[in-house]
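Letter by letter, the chains look like this.
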Amino acid sequence: KNFILNFNILVDEIKERCNKRLNIIKILSNKKWGLNQNTLGNLYKSLVGSILDFSFPCLNSFSENNIKKLQAIQNTAVRSIL
């Protein structure tokens, strides 16, 4: 059971780190900045995608609920970029 709790903590930390970086993308996606979708996508890949890629080897051990948390991060990013 502690093993699962550790993954919950890990996923919460990943989510927190990603959300901080997503805030940058949200700000830069404002029409005032004039950044196009390609640039925003590249920012996402470098700022957020790198964190998610690093956690990829553990993905098989994550619960469905934790996977949904990580998917929510990606969904938020897509909405901000588009």
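Residues numbered from 1 in each chain as written. Predicted model: local features only at pLDDT ≥ 70, side-chain atom pairs only at ≥ 80, totals over all residues. Heavy atoms only, no water.

Student: Could you clarify how one ought to interpret the overall build of the chain in this entry?
Tutor: Along its length, the chain carries three helices and zero strands. When the helices and strands of the chain are placed in sequence order, the string is α-α-α. Taking the principal axes of the C-alpha coordinates as reference, the chain spans close to 50 × 15 × 15 Å. Put simply, 71% of the contacts in the chain that link residues at least 6 apart link residues at least 24 apart. Accessible area of the chain: about 5,800 Å², with a carbon and sulfur share of 56%. Counting 12 positive and 5 negative side-chain charges, the chain places the averaged centre of each group 9 Å from the other. (Helix = DSSP H or I, 4+ residues; strand = E, 2+ residues; numbered from the N terminus. Contact = heavy atoms within 4.5 Å. Areas by Shrake-Rupley, 256 points an atom, 1.4 Å probe, with all protein chains shown as cover. Lys, Arg positive; Asp, Glu negative; His and termini not counted. Charge placed at Lys NZ, Arg CZ, Asp CG, Glu CD.)

Student: Just to check I follow, could you spell out a nonpolar patch on the surface for this structure?
Tutor: On the surface, a nonpolar cluster with roughly 310 Å² of combined accessible area is contributed by Ile27, Trp33 and Leu35. On the secondary structure map, Trp33 appears in the loop between helix H1 (2-28) and helix H2 (37-55). Classification of Trp33 by relative accessible area gives exposed; the value is 53%. (Patch = residues over 30% accessible without salt bridge, like charges linked within 9 Å, V, L, I, M, F, W, Y side chains within 5 Å. Salt bridge = Lys/Arg side-chain N within 4 Å of Asp/Glu carboxyl O. Buried < 20%, exposed > 50% of the residue type's maximum accessible area, 1.4 Å probe, protein only.)

Student: Quick question: what am I supposed to make of the side chain of Asn66 here?
Tutor: Mapped onto the secondary structure, Asn66 falls in helix H3 (residues 64-81). Judged by its relative accessible area of 2%, Asn66 is buried. In contact with Asn66, not counting residues within four places along its chain, are Phe7, Asn8 and Val11.

Student: Please clarify how H2 should be interpreted in this entry.
Tutor: Spacing of three or four residues puts side chains on the same side of an α-helix, whose turn is 3.6 residues. For H2, spanning 19 residues, the distance from its first C-alpha to its last is 25 Å, which sits close to the expected 27 Å at 1.5 Å a residue. Largest kink in H2: about 50 degrees, centred on Gly49. Of all the residues in H2, the buried ones are Leu40, Gly41, Tyr44, Val48, Gly49, Ile51, Leu52 and Ser55. A side-chain oxygen of the first residue of H2 lies 3.2 Å from the backbone nitrogen of Asn38; this N-cap is Asn36. (Expected span 1.5 Å × (residues − 1). Bend = angle between axes of the 7 residues up to and from the residue. Polar contact = N/O pair within 3.5 Å; in protein donor to acceptor, adjacent residues only side chain to side chain.)

Student: For this particular structure, what's the right way to read the environment of Phe56?
Tutor: Mapped onto the secondary structure, Phe56 falls in the loop between H2 and H3. Put simply, Phe56 and Ser29 are 27 residues apart on the chain and 27 Å apart in space, counted from C-alpha to C-alpha.

By themselves, these figures tell us nothing about what the structure is for.
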